[in-house]
Amino acid sequence: MKTSNKLKNTPKISLLGIIGDPIKHSLSPAMHNAALEKLALPYAYLPFQVSSKELKSFFLKAKKWNLVGFNVTIPHKEAVLLFLKKISPEAKLMGAVNTIYQKKGVWYGDNTDGRGYLTSLSTETKFHPRGKRIVILGAGGAARAVICSLALKSPRAIILLNRTEEKASALAQEFSNKFKKIHFEALPLEKESCQIVFPDTHLLINTTSIGLNGTHFDKLPLKHLPKTAIVSDLVYRPLKTKLLKQAEKLGLKIHPGIGMLLHQGALAFKLWTHHQPPLKIMQKALLDAL
Ligand code: ATR
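A brief look at the structure comes next. Computed from a predicted structure; not experimentally measured. (Residues numbered from 1 in each chain as written. Predicted model: local features only at pLDDT ≥ 70, side-chain atom pairs only at ≥ 80, totals over all residues. Heavy atoms only, no water.)

Points about the packing of aromatic side chains
Tallied over the full model, the rule gives 13 aromatic pairs. Note on Phe70 and Trp107: the rings are 5.5 Å apart at their centroids and 80° apart in plane angle, and the pair reads as edge-to-face. Of this pair, Phe70 sits in strand S3 (residues 67-72) while Trp107 is found in strand S6 (residues 106-110), placing the two residues 37 residues apart along the sequence. Overall, the relative accessible area of 6% leaves Trp107 in the buried class. Between the aromatic rings of Tyr101 and Tyr108, the centroid separation amounts to 5.5 Å while the plane-to-plane angle is 25°, which identifies the pairing as stacked. With relative accessibility at 14%, the residue Tyr101 sits in the buried group. Judged by its relative accessible area of 18%, Tyr108 is buried. (Phe/Tyr/Trp six-rings, centres within 6.5 Å; stacked < 30°, edge-to-face > 60°. Helix = DSSP H or I, 4+ residues; strand = E, 2+ residues; numbered from the N terminus. Buried < 20%, exposed > 50% of the residue type's maximum accessible area, 1.4 Å probe, protein only.)

So this is what it looks like as structure tokens:
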């Protein structure tokens, strides 16, 4: 059979994608495919519904499918560590991977969540963590990613407020052992704790799922924050959460969660394709998909 010249010249498509369970609500395919199309790169980005039981066989099949890189989301961010040859120092510190890429046929793991958060924070608010006092609401996986990246930039103090105080204490202890010059503290997520820590806070970050789809914090006394404080929310559905609206009303600077999603994706895109990510196109795709 003869192959036409046109077909011969068609570049071979490589696959990129995201694995998770569930995965159908992920905005990453829309964001990455828009960027790939804009730069006319020979990749397609697909969502893969993979259960925990299927993870091992997914890794075995991935190379046969010409899958050259992929994102990892809940519940696999920790479990994938087992299947990787090398992981970045930041992913090691976080104990979680969100981006996997291939180098000479070997799987490498990185985590762009924290760097994506910091890039978004600094470009949108000009905030730099060095010497600052930062309060974090929540002590789960998202909090871990953000704490790691912030800690690497030498803030003065990181204070964790969480509904389950023991989880915040364990996280504070773990990071305090790793970053001896930073003051870590854990308190219950209660009005009284906020009244104590807010007056000295430069940046307040919500890493919990409160705010998602219109839910809201019960009596978070933002009025105790200094007028110069920034309020940042990792939740991006809705784009402006009730927490951000409340902060805005008090005249505080706000930082919405969509920027972290954009920049973690942009950093992954660069790792896979070695091309400069088209940020505006990616942002538009995200906003359209939302
Ligand atoms: P993620 O990976 O998104 O961070 P996670 O690891 O399950 O998810 O962590 C969720 C965080 O949101 C936790 O800090 C959780 O508090 P608990 O440790 O007490 O569970 C917090 N969270 C979720 N729903 C909450 C609610 N209704 N009120 C207070 N905190 C909540």
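That was the structure; now back to the text.
Brief notes about a nonpolar patch on the surface
A contiguous nonpolar patch, built from Leu239, Leu287 and Leu290 and spanning about 230 Å² of accessible area, is present on the exposed surface. In this structure, Leu239 sits in the loop between strand S11 (230-233) and helix H9 (242-249). Classification of Leu239 by relative accessible area gives partly exposed; the value is 39%. (Patch = residues over 30% accessible without salt bridge, like charges linked within 9 Å, V, L, I, M, F, W, Y side chains within 5 Å. Areas by Shrake-Rupley, 256 points an atom, 1.4 Å probe, with all protein chains shown as cover. Salt bridge = Lys/Arg side-chain N within 4 Å of Asp/Glu carboxyl O.)

Brief notes about the nonpolar core
Counting 32 residues, the largest nonpolar core has Tyr117, Ile136, Ile147, Phe184 and Ile205 as the members making the most contacts within it. Elements with a minimum of two residues in this core: helix H4 (89-94), helix H5 (113-125), strand S7 (133-137), helix H6 (141-151), strand S8 (157-162), helix H7 (165-178), strand S9 (183-188) and strand S10 (203-206). The dominant element in this core, judged by the number of residues it contributes, is H6, at seven residues. Apart from the residues lying within four places of it in its own chain, the contact partners of Ile136 are Ala143, Val146, Ile147, Leu150, Ile158, Ile159, Leu160, Leu161, Ile205 and Thr207. One finds Met31, Ala35, Leu262 and Leu286 within the second-largest nonpolar core, a separate group that totals 21 residues. (Core = buried A, V, L, I, M, F, W, Y, C linked by side-chain atoms within 4.5 Å. Contact = heavy atoms within 4.5 Å.)

Geometric descriptors of this kind do not, in isolation, establish any biological role.
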